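# Coordinates in review
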Amino acid sequence: MRSTASHELGQVLATITIGRPDLLADRWLRYLPSNPTLILPPPPAGEFVARVAATLDISRGARLPRFRPASGFSAALSLSSRWAAIPTAPGSERFAEAVLPGSLIGSQVMVVCPLGGGFAHSPCGMLASLAHPRQRIALRAARDPAAAAELAGAVDGAAFFLAGSWGDSDIVASTTTLLAAQLLWRALQPVGKPDDQSGAWEEPEVQRLTRLDLSPRVPEELAIDIVDAGDSRLSASRSLARVLRERLGPVAVTTPRD
């Protein structure tokens, strides 16, 4: 496998691990921030998502603080003094600021997303769900993934882990940028879904994140390393690489046998 040092300067790196997460935890260490808060989807998140979260705990040597959005409009409003307004990035069209829980300010969030769910379980959807209930109501009314991307971009997201399956194998995609994470989440939707022929770059939230000057802005700026635990089939990594190129364009993809 080609080392990460061989990737061109300026490329955004993502790693897709195939196989048992506990055997591949060392591959994730480069993505772990110094002051993390783990963002998990609402239950039931699935057994594999829980395993990934536990592996992240092991990688850090301690149980990471966890956070889920408030589960009720009235309950969240009672915490109004604990909300903080963060300006959204220049180029935002729907929101001038994101109103986020004050407890997250100053912390770098790590997001664990399940693959195969709806938009609410995507990196953009999960970060946008941290916003104040009034903003979440506005999102539901607008039904605009691009608006969700604006709120998500205001969160200090430091690492993203996308957990799911590919064929008969468990996979986890990891990266440090919201745009790369959203692209991978789109590209790794199960083969055969009705929208699997649409290019990930054409999705509205991806288009908005690109306009907010996030990276990678073009396929050539994304480099993906596929690694395995030694117990997966070569066909899994090859089919994964093929689909990534089909859905993401001319990204740099390396497999375990490259």
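Now for a quick tour of the structure. Keep in mind it's a predicted model, so treat the numbers as computed, not measured.

### Quick look at the overall build of the chain
Within the chain one finds eight helices and ten strands. By residue count, 51% of the 258 residues in the chain fall in the buried class. In the chain, once contacts between residues fewer than 6 apart in sequence are set aside, the share between residues at least 24 apart is 73%.

### Focus on the pairing of strand β2 (residues 36-39)
As a general feature of sheets, a regular strand has side chains that alternate between the two faces. Side chains of β2 alternate between two faces, with Pro-36 and Leu-38 and Thr-37 and Ile-39 buried alike. Across four bridges, the pairing between β2 and strand β6 (residues 108-114) is parallel. The partner of Thr-37 across the bridge, within β6, is Val-109. Where β2 lies against strand β3 (residues 66-67), two bridges are found, and the strand directions are parallel. Bridge pairing in β3 places Leu-38 opposite Arg-66.

### Some details on the packing of aromatic side chains
Tallying each qualifying case throughout the model produces one aromatic pair. Where Tyr-31 meets Phe-161, the ring centres are 6.4 Å apart and the plane angle is 85 degrees; that geometry is what we call edge-to-face. On the criterion of sequence distance, the pair formed by Tyr-31 in the loop between β1 (12-18) and β2 and Phe-161 in strand β7 (residues 157-166) is long-range, its members being 130 residues apart. The pair Tyr-31 / Phe-161 is uniform in exposure class, with both members buried. Its end group placed over the ring of Phe-95, Arg-94 keeps NZ or CZ at 4.7 Å from the ring centre.

### A short note on helix α5 (residues 145-153)
Among the nine residues of α5, seven are classified as buried, and the element is accordingly described as predominantly covered. Among the residues of α5, those classed as buried are Ala-146, Ala-147, Ala-148, Ala-149, Glu-150, Leu-151 and Ala-152. Looking at the buried positions of α5, the neighbouring elements they touch are β5 (97-101), α3 (123-128), α4 (133-142), α6 (178-187) and α7 (204-211).

About the cut-offs
- Residues numbered from 1 in each chain as written.
- Predicted model: local features only at pLDDT ≥ 70, side-chain atom pairs only at ≥ 80, totals over all residues.
- Heavy atoms only, no water.
- Helix = DSSP H or I, 4+ residues; strand = E, 2+ residues; numbered from the N terminus.
- Buried < 20%, exposed > 50% of the residue type's maximum accessible area, 1.4 Å probe, protein only.
- Contact = heavy atoms within 4.5 Å.
- Pairing = 2+ DSSP bridges.
- Phe/Tyr/Trp six-rings, centres within 6.5 Å; stacked < 30°, edge-to-face > 60°.
- Lys NZ or Arg CZ within 6 Å of the ring centre and 35° of its normal.

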